[in-house]
Amino acid sequence: MNPLTILELQIADEFEEINQSMGSVFHGALMGLIDTRYAEYLHTINTRPYSQHLYYDKQRQGWFWHLSSMDEDALMMLLAPASELNSIYIRHKHRRFQIINREVVAQTTFEELLDNSMDENEYLKIRLISPTGFKSNGQYVIYPTPRLIFGSLLNKWNAFSKIQFDAANLMEKFEKLHISGYNLQMHSFGVEGVWIPSFKGDLELSLPKDKDFMKVINTLAMFSNFSGIGIKCALGMGGVKTI
């Protein structure tokens, strides 16, 4: 069984009502469909074993609901029932949205991610496709730093992978990474009436010539497609595509 799985559902939006902040209400609808005890358990833990967000694909001209798992329980208890949905009712809009297509777009394991990651590339490109944000010292941070990006990914990786990375050593190295280019736009993401400052767009990082460190960075970057980056990735924030 591959615990790292991405399921994408294409959502019909005939009345043009969907926006990315609806990720939080789609999440609420999903919680209402799964096993009650598992839903209650998810509310008791700090790092959730899944992420989800909505995004519009210009090339395919449609809205997609991206759901990903990071352990076998989330795969069976969340993604499996979601894969059988033909529609989903969103109380916030008093409307049932039809699901017109579904596809498992990725399946792998932590071991395969590490084995298949590169250790020779000079640059890494990340595309933030849903509003992304961080919190530091109790304050929202409106610009990403390598330490915030990879610190977030490292925490999630170590929470669910049997392969543990040395957090203390890596956090020092993250400080030395350099953002070599970016094209970011400010956004606000709404959760229960609160608007969270956030951003979307492209980032490019230049990588050091340390092959072991480079392999870890590339592994975490590929993992970000499943985990998301930053805060509230279970509610629709932090969606990523590595490019």
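Structural data are supplied above this passage.
This report concerns the structure included in the present document. Remember, it's a predicted structure, so these values are computed and weren't measured experimentally. (Residues numbered from 1 in each chain as written. Predicted model: local features only at pLDDT ≥ 70, side-chain atom pairs only at ≥ 80, totals over all residues. Heavy atoms only, no water.)

Turning next to the overall build of the chain. Across its full length, the chain carries 7 helices and 11 strands. Computed over the C-alpha atoms, the radius of gyration of the chain is 18 Å, within 12% of the 18 Å expected from 2.2 N^0.38 for a compact globule of 243 residues. The proportion of buried residues among the 243 residues of the chain is 52%. Summarising the internal contacts of the chain: among those between residues at least 6 apart in sequence, 74% fall at separations of at least 24. For the chain, the accessible surface area stands at approximately 12,300 Å², while carbon and sulfur atoms represent 47% of it. (Helix = DSSP H or I, 4+ residues; strand = E, 2+ residues; numbered from the N terminus. Rg over C-alpha atoms; globule rule 2.2 N^0.38 Å. Buried < 20%, exposed > 50% of the residue type's maximum accessible area, 1.4 Å probe, protein only. Contact = heavy atoms within 4.5 Å. Areas by Shrake-Rupley, 256 points an atom, 1.4 Å probe, with all protein chains shown as cover.)

In this section: the pairing of strand β5 (residues 95-108). Bridge count for strand β1 (residues 4-11) against β5 is 8 bridges, and the pairing is antiparallel. For isoleucine 11, the partnering residue across the bridge sits in β5 and is isoleucine 99. What sits between strand β4 (residues 87-90) and β5 in their antiparallel hairpin is a turn of 4 residues, with histidine 94 showing a positive phi close to 50°. (Pairing = 2+ DSSP bridges.)

A cluster of nonpolar side chains, contributed by Met1, Met76 and Met77, occupies part of the molecular surface with about 310 Å² of accessible area. Summarising the element assignment, methionine 1 is placed in the segment before β1. Note on methionine 1: relative accessible area 62%, which makes it exposed. (Patch = residues over 30% accessible without salt bridge, like charges linked within 9 Å, V, L, I, M, F, W, Y side chains within 5 Å. Salt bridge = Lys/Arg side-chain N within 4 Å of Asp/Glu carboxyl O.)

Now for unusual backbone geometry. In the Ramachandran plot, glutamate 16 falls in the positive-phi region, its phi being about 50° despite a non-glycine side chain. Phi at glutamate 192 takes a positive value of approximately 50°, unusual for a residue other than glycine. When you line up the elements, glutamate 192 lands in the loop between β9 (178-191) and β10 (194-206). The class of glutamate 192 is exposed, set by a relative accessible area of 79%.

Our focus in this paragraph is the nonpolar core. Of all hydrophobic cores here, the largest spans 37 residues; its most connected members are Phe150, Phe165, Phe174, Ile217, Leu220, Phe223 and Ile229. Broken down by secondary-structure element, the contributors of at least two residues to this core are β1, α4 (110-116), β6 (123-132), α5 (146-160), α6 (167-174), β10 and α7 (211-227). Per-element accounting of this core gives the leading share, 8 residues, to α7. Setting aside residues up to four positions removed in sequence, isoleucine 217 forms contacts with Leu124, Phe150, Phe174, Leu177 and Leu207. If you look at the next biggest cluster of nonpolar residues, it comprises 29 residues, including Leu7, Phe26, Leu42 and Ile90. (Core = buried A, V, L, I, M, F, W, Y, C linked by side-chain atoms within 4.5 Å.)

Across the sheet, which stays open at both edges, the 5 strands sit in the order β2-β3-β1-β5-β4 with antiparallel pairing between neighbours. Each having just a single partner strand, β2 (50-57) and β4 make up the two edges of the open sheet. Strand after strand, the sheet turns through a mean of 30° between neighbouring axes, direction not considered. Two elements, β1 and strand β3 (residues 62-69), share 7 bridges in a ladder whose sense is antiparallel. Paired with isoleucine 6 across the bridge in β3 is serine 68. Seen against the sheet, helix α1 (residues 23-31) touches β1, β2, β3, β4 and β5 and runs at an angle of roughly 110° to β4. The strands touched by α7 are β1, β2, β3 and β5; relative to β1, the strand with the most contacts, the crossing angle is about 45°. (Axes fitted to C-alpha atoms, helices over the stretch in contact; angles between N-to-C directions.)

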